[in-house]
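Fold and contact review
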Amino acid sequence: MSPQPQAAVGAPLSRVDGRLKVTGQALYAAEHDVDGAVHAVIVDAAIGLGRIMSINSGAAEALPGVLKVIHHHNAPKLPYRDNSGSNNPPGRRLRVFQDDQVLFHGQPVAVVVATTLEAAQHGASLVKVGYDAEQSSTDLTEAEPDDPTNYARGDAEAALRSAAVRLDLTYRTARNHHNPMEPHATIARWNGDRLTVWDKTQWVVGTQTELAAVFGLDMDAVRVISPFVGGGFGSALRCWPHVVVAALAARETKRPVKLVLSRKQMYLGTGFRPSYEYRLRLGSDRRGRLSAAAHELDAETSSYETFTESILAAGQMLYSMPNVSQAYRTVPLDVPTPLYMRGPGFQTASFVIESAMDELAHKVGVDPIELRRRNEPNEDESSGLPFSTRRLRECYTVGAREFGWHRRNPRPRSTREGDWLIGRGMAAGVYDTARMPAQARARLDADGTAVVDAAATDMGPGTYTSQTQVAADALGLTVRTVTFRLGDSLYPPTPPHGGSMTMASVGSATLDACNKVRRQAIQLAVEDRESPLYGVPTADIVVRGGRLHVKNNPALGETYQRLLARNDRTHLEADGSFAPPSGPERHSFYGYNATFAEVAVDAALGLVRVRRVLGVYDAGRIISPKLADSQALGGMVGGIGTALLEHTVTDHRDGRIVNANLADYLVPVNADIPDLKAIYLDGEDREADPLGVKGLGELVMIGVAPAIANAVFNATGRRIRELPITAEALL
């Protein structure tokens, strides 16, 4: 087949769902109008660890409008089976209302269901719970860790002992919460033994699977609907207990139930980026060529589940060195389970590794970019595989030129503007190119329009738009004649909307489905004696603007509408799929960036202001430049938040989160956001997937925090080894 003309992919199109959002027509989880829905409000545990001794719900139940108060005394026992029918699924789920145990502060211990939200809220405040409290353990530095996950190549300890230059550094990062604009919400409705939920989720199939397991249902008895998600950053990648509570309350009251978490409750039960204590020892020669690195890191997890993330990969492959050791220990605490947050693992590793590289550059007297160039590997030394693409050197070159790196004075505290110390810093970033099996379905109707379905999600990066662009070009249609539908478990299954895998995975499935439909139409034309294309080799035919024609003779052809009408076809339809090649990988797949930052630090007050940030990305083919810019600028904003503002504070006496609100948990606002710019290297990665994309959403946040920290050092001469950067650390 001739390559299809690409009119939509690569074009700076506005979001196809933009008008729905700005006019309020896009319906989020809590906004669906489900007839007869009542309201539920969760009662949260007031202790960090212990047992429930009593629950007095009489006052709540006597309140007008309250239908029921559900807790472990009156809730039915749920089967919690896995997909094979076993009653013992792997791992320890938090089984809501199944026993009297309290495992963390804020755990759901009851739910009040009422005809109005106000009655449910008032009722929840009247439920009195008595506890037998124990001392909870919530301090990462004082708890006993689990056995480590280890990695080693060479002999890091021997190489460190013999290294001409050695660094021994310890870094600490704060717990971060996702804080999307849309709160987590679920509406649940039963029809006999069939359950429908409207849920804020980044994975409708995952929520469907979990609810089927909890209630002992077949998968096809559960439908999950999630057409719009108002931000997630990873917080909606799993089915949280409140979703189960909503479904349970709906079954017990025999009414549809709407449950919306408060902002405070989102700090208690929808995950977070775990805090870390991370020791890194580096060894090099006097020119900065790395010989060894030893990583020892502790990360918080919950006492009832073990959460890990991909924090080791960057230390194994980002720079060339023969000797590496790593020990990754999780520390079980009486806290809710952490979850992936934008750039999971790599974000934290980046701050540590890139801050240490900057410190090494200063110690050996080498420019930070030159140091990184000297340690650029020729292959992935953790696997021995060649990189599918790796253009970090080009990222450095383009970034240095566009940022004006040559104007940076390498001597700390040497550039000043009045009361402000000016500094410039940079960092490299890496994130793996994830791909997972996905499916899609495409239908071309007789009127020349098309519909493509996949159970994907769009929490903000623009899935509706990017998938429409891919489908339009594959079908040879204009964007306005293609509708992409997502967010429904009735559609073909797709992987989680996280890990920057949606474009590569779902996009490739969309491409496959639409290619099949286009080829069906071409085959129909060349076999139709009444078609102008009868007998023409299929390889010579392309489609543009809904018209099939010979590639080098546009006048010879016909429209989809005429072809289907003449053949009495109401539509053409095909299922598409994508899966990474089976067997061992032949390449190492990663996306890369170089991030540059300029800061101003008040010399007297220690206040840090970011003045500009530039990111240069090796992210493969860019499907939608406007969406890419939205991702990049949003990632930079998130990186500024991690570097300077975000810090979840826990009262270790009882596990209570002190700043569980947007007044005290600080995130960047418009006044914090300076000049941001993103540049994308032109290219593609055909080894990764048929579209040649790498994924962008995670990568753009990685490297921002260390670039800022390194700029602060350049401004002040003060090394930063703890996030967020505070004024106290600079005074």
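Calculation notes
Residues numbered from 1 in each chain as written. Predicted model: local features only at pLDDT ≥ 70, side-chain atom pairs only at ≥ 80, totals over all residues. Heavy atoms only, no water. Pairing = 2+ DSSP bridges. Helix = DSSP H or I, 4+ residues; strand = E, 2+ residues; numbered from the N terminus. Right-handed = clockwise from strand over helix to strand, strands pointing away. Expected span 1.5 Å × (residues − 1). Buried < 20%, exposed > 50% of the residue type's maximum accessible area, 1.4 Å probe, protein only. Salt bridge = Lys/Arg side-chain N within 4 Å of Asp/Glu carboxyl O. Axes fitted to C-alpha atoms, helices over the stretch in contact; angles between N-to-C directions. Polar contact = N/O pair within 3.5 Å; in protein donor to acceptor, adjacent residues only side chain to side chain. Contact = heavy atoms within 4.5 Å. Core = buried A, V, L, I, M, F, W, Y, C linked by side-chain atoms within 4.5 Å. pLDDT = per-residue confidence, 0-100. Phe/Tyr/Trp six-rings, centres within 6.5 Å; stacked < 30°, edge-to-face > 60°. Lys NZ or Arg CZ within 6 Å of the ring centre and 35° of its normal.

1. Here's the deal with the pairing of strand E11 (residues 222–225)
- Direction of pairing for strand E10 (residues 194–199) relative to E11: parallel, over a ladder of four bridges. Counted as the bridge partner of Val-197 is Val-224 from E11.
- With helix H5 (residues 204–215) bridging E10 and the parallel E11, this β-α-β connection has right-handed handedness.

2. A closer look at unusual backbone geometry
- Cis geometry marks the peptide bond from Leu-723 to Pro-724; its omega dihedral reads 0°.
- Positive phi outside glycine occurs at Phe-97, with the angle close to 60°.
- Unlike most non-glycine residues, Asp-568 shows phi in positive territory, near 50°.
- Counting through the fold element by element, Asp-568 comes out in the loop between helix H14 (560–566) and strand E24 (571–578).

3. Comments concerning helix H13 (residues 502–527)
- Relative to the 38 Å expected for 26 residues at 1.5 Å per residue, H13 spans 37 Å between its end C-alpha atoms, a close match to the ideal helical length.
- Here H13 lies mainly inside the structure; 20 of its 26 residues are buried.

4. Side note on the pattern of salt bridges
- Enumeration according to the criterion identifies 40 salt bridges in this entry.
- Arg-612 is paired through a salt bridge with Glu-598; the nearest N and O atoms lie 3.1 Å apart. Taken together, the residues Arg-612 in strand E26 (residues 608–618) and Glu-598 in strand E25 (residues 590–602) connect sequence positions 14 residues apart.
- Note on Glu-598: relative accessible area 5%, which makes it buried.
- The network of salt bridges with shared partners includes Glu-157, Asp-168, Arg-279, Arg-281 and Glu-296.

5. Re the sheet that holds strand E18 (residues 438–445)
- Reading across the sheet, the four strands line up as E20-E19-E18-E24 and stay open at both edges, with mixed pairing between neighbours. Edge strands, defined here as strands with exactly one partner in the open sheet, are strand E20 (482–485) and E24. Adjacent strand axes in the sheet meet at a mean angle of 15° when their direction is disregarded.
- Alignment of E18 against E24, held across eight bridges, turns out to be antiparallel. The residue of E24 that forms the bridge with Asp-445 is His-571.

6. With respect to the side chain of Ser-489
- You can see Ser-489 is positioned in the loop between E20 and H13.
- Using a relative accessible area of 12% as the deciding quantity, one classes Ser-489 as buried.
- A polar contact is formed between the side chain of Ser-489 and the backbone nitrogen of Val-224, at a distance of 2.8 Å.
- Setting aside anything within four residues of it in sequence, one finds Ser-489 in contact with Val-204, Gln-208, Val-222, Arg-223, Val-224 and Ala-455.

7. Focus on the sheet that holds strand E14 (residues 290–302)
- In spatial order, the strands read E7-E15-E14-E13-E8-E30; together these six strands make up an open sheet with mixed pairing. Looking at which strands have only one partner, the edges of the open sheet turn out to be strand E7 (149–153) and strand E30 (722–723).
- Pairing geometry for strand E8 (residues 165–173) and E30, over two bridges, is parallel. Residue Thr-173 lies in a different strand from E30, and its bridge partner there is Leu-723.

8. Considering the side chain of Arg-719
- Tracing the sequence through the fold places Arg-719 in the loop between helix H16 (704–716) and E30.
- Once you skip the residues sitting within four places of it in the chain, Arg-719 turns out to touch Ser-355, Asp-358, Glu-359, His-362, Asn-710 and Phe-713.

9. Topic: the environment of Ala-249
- Relative to the assigned elements, Ala-249 resides in helix H6 (residues 241–253).
- Sequence spacing of Ala-249 and Ile-70 is 179 residues, and the spatial spacing of their C-alpha atoms is 7.4 Å.
- Sequence-distant contacts of Ala-249, defined by excluding residues within four places in its chain, comprise Ile-70, Val-113 and Val-257.

10. A look at the nonpolar core
- Counting 90 residues, the largest nonpolar core has Tyr-319, Val-599, Tyr-617, Ile-708 and Ile-725 as the members making the most contacts within it.
- The dominant element in this core, judged by the number of residues it contributes, is helix H9 (residues 346–364), at ten residues.
- The contacts of Ile-725, once residues within four sequence positions are left out, are Val-608, Ala-643, Leu-644, Ile-708, Ala-709, Val-712, Ile-720 and Leu-730.
- Core analysis: the next-biggest nonpolar cluster, separate from the first, contains 50 residues, Ala-8, Val-482, Leu-486 and Ala-504 among them.

11. Topic: the confidence of the model for the protein chain
- Chain-level statistics for the protein chain give a pLDDT mean of 96 and a share of 98% at 70 or above.
- Below a pLDDT of 50 lies the segment residues 84–91, which in the model reaches ten contacts outside its immediate sequence neighbourhood of four places, other chains included.

12. What about helix H11 (residues 392–403)?
- Spanning twelve residues, H11 covers 16 Å between terminal C-alpha atoms, matching the ideal 16 Å at 1.5 Å per step.
- For H11, every residue scored as buried is listed here: Leu-392, Cys-395, Tyr-396, Val-398, Gly-399, Ala-400 and Phe-403.
- Looking at the buried side of H11, the elements it contacts are helix H10 (368–374), strand E17 (420–432), E25, E26 and strand E29 (675–680).
- Of the residues one or two after H11, Gly-404 is the one with positive phi, at around 80°.

13. Here we look at the packing of aromatic side chains
- Per the stated rule, a full pass over the model turns up 14 aromatic pairs.
- Plain terms: the ring middles of Trp-190 and Phe-215 are 5.4 Å apart, the flat faces sit at 75° to each other, and that makes the pair edge-to-face. One end of the pair, Trp-190, is in strand E9 (residues 185–191); the other, Phe-215, is in helix H5, with 25 residues separating them in the sequence. The residues Trp-190 and Phe-215 share a single accessibility class, namely buried.
- Here the aromatic residues Phe-346, Phe-387, Tyr-431, Tyr-590 and Tyr-592 are joined through ring pairs into a cluster of three or more.
- The ring of Phe-272 carries Arg-175 above its face, with NZ or CZ at 3.8 Å from the centroid.
- Directly above the ring of Phe-403 sits Arg-612, whose terminal nitrogen or CZ lies 3.9 Å from the centroid.

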